Amino acid sequence: VSFVTIGIIWVNHHTVLDQLHSTDRTFLFINVFFLLCIAFIPFPTRLLATYVRTDDGQAAAVLYGITLTTTAVFFNLMWRYAIGAGGRLLRADADRRVVDGITRSYRPGVAMYAGAAIVGFFQAEVSAALYAAIALFYVLSSSFFGREEVST
């Protein structure tokens, strides 16, 4: 699930950056903290994989959820900053459908991950299943806003 989640994040990050004409210092610092969260994901992943079916599973599920919730917060901050103030960092020819799709897709992320983390306090396995469902949601939603041909 974490591999798929990180893959989705990479694809979505590429889609976001493709909509921008430039960056500024604030955007870059938000991006650094976002990437810090991504780099941390393997740690709670290992804990969840090791302890999900033990008495320590709840703590592992909650830590995993806190990590992904924080990641979603920074992804939202980065995107909202880029599109704020009249689209301060958006390309002039940015596809409005893609921009709106990204915004709609990111909107529920924080709440979904936070909800799954709260479930982790009570049932680690259900929480882990919710994380998988969220990954599936983002696979499907990214296919809606990421229909543009990927440029390299």
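These numbers come from a predicted model, not from an experiment.

Could you give me a rundown of the packing of helix α1 (residues 2-18) against helix α2 (residues 25-40), with the residues and numbers involved?
In a packed pair of helices, the relevant descriptors are the angle between the two axes and the axis-to-axis distance. For the pair α1 and α2, interaxial distance at closest approach is 12 Å and the crossing angle is 170 degrees. As judged from the angle between their axes, α1 and α2 are roughly antiparallel. The crossing of α1 and α2 is left-handed. Together, Ile6, Ile9, His13 and Leu17 of α1 and Phe27, Asn31, Phe34 and Ile38 of α2 make up the contact between the two elements. Residues belonging to the contact of α1 with α2 are distributed by class as follows: six nonpolar, two polar and no charged.

Lay out empty space enclosed by the protein with the relevant residues and their values.
This structure, assessed with the given rule, holds one cavity of 30 Å³ or more. Lining of the largest cavity is provided by 14 residues; of these, Ile9, Ala72, Phe75, Tyr113 and Tyr138 occupy positions nearest its centre. Residue assignment for the lining of the largest cavity shows that the elements contributing at least two residues are α1, α4 (57-87), α6 (109-120) and α7 (124-145). Residue composition of the lining of the largest cavity, by class: nine nonpolar, five polar and no charged.

Describe the packing of aromatic side chains, listing the residues and the values that go with them.
Under the defined criterion, the tally for this structure stands at six aromatic pairs. Ring geometry for Phe137 against Tyr138: centres 4.8 Å apart, planes inclined by 80 degrees, an arrangement best described as edge-to-face. Phe137 gets classed as partly exposed once you look at its relative accessible area, which sits at 31%. Grouping aromatic residues by their ring pairs yields a cluster made of Phe34, Phe75 and Tyr106. The ring of Tyr81 has Arg88 sitting right over it, with the charged end atom 4.1 Å from the ring centre.

Cut-off values and rules
- Residues numbered from 1 in each chain as written.
- Predicted model: local features only at pLDDT ≥ 70, side-chain atom pairs only at ≥ 80, totals over all residues.
- Heavy atoms only, no water.
- Axes fitted to C-alpha atoms, helices over the stretch in contact; angles between N-to-C directions.
- Helix = DSSP H or I, 4+ residues; strand = E, 2+ residues; numbered from the N terminus.
- Parallel < 35°, antiparallel > 145°, perpendicular 65-115°, else oblique.
- Left-handed = near helix turned anticlockwise from the far one by under 90°.
- Contact = heavy atoms within 4.5 Å.
- Nonpolar A, V, L, I, M, F, W, Y, C, P; charged D, E, K, R; others polar.
- 1 Å grid on protein atoms, 1.4 Å probe; cavity = no way out; pocket = protein on both sides within 12 Å on 5 of 7 lines; lining within 4 Å.
- Points joined across faces, edges and corners; volume = space filled by probe spheres on them.
- Phe/Tyr/Trp six-rings, centres within 6.5 Å; stacked < 30°, edge-to-face > 60°.
- Buried < 20%, exposed > 50% of the residue type's maximum accessible area, 1.4 Å probe, protein only.
- Lys NZ or Arg CZ within 6 Å of the ring centre and 35° of its normal.

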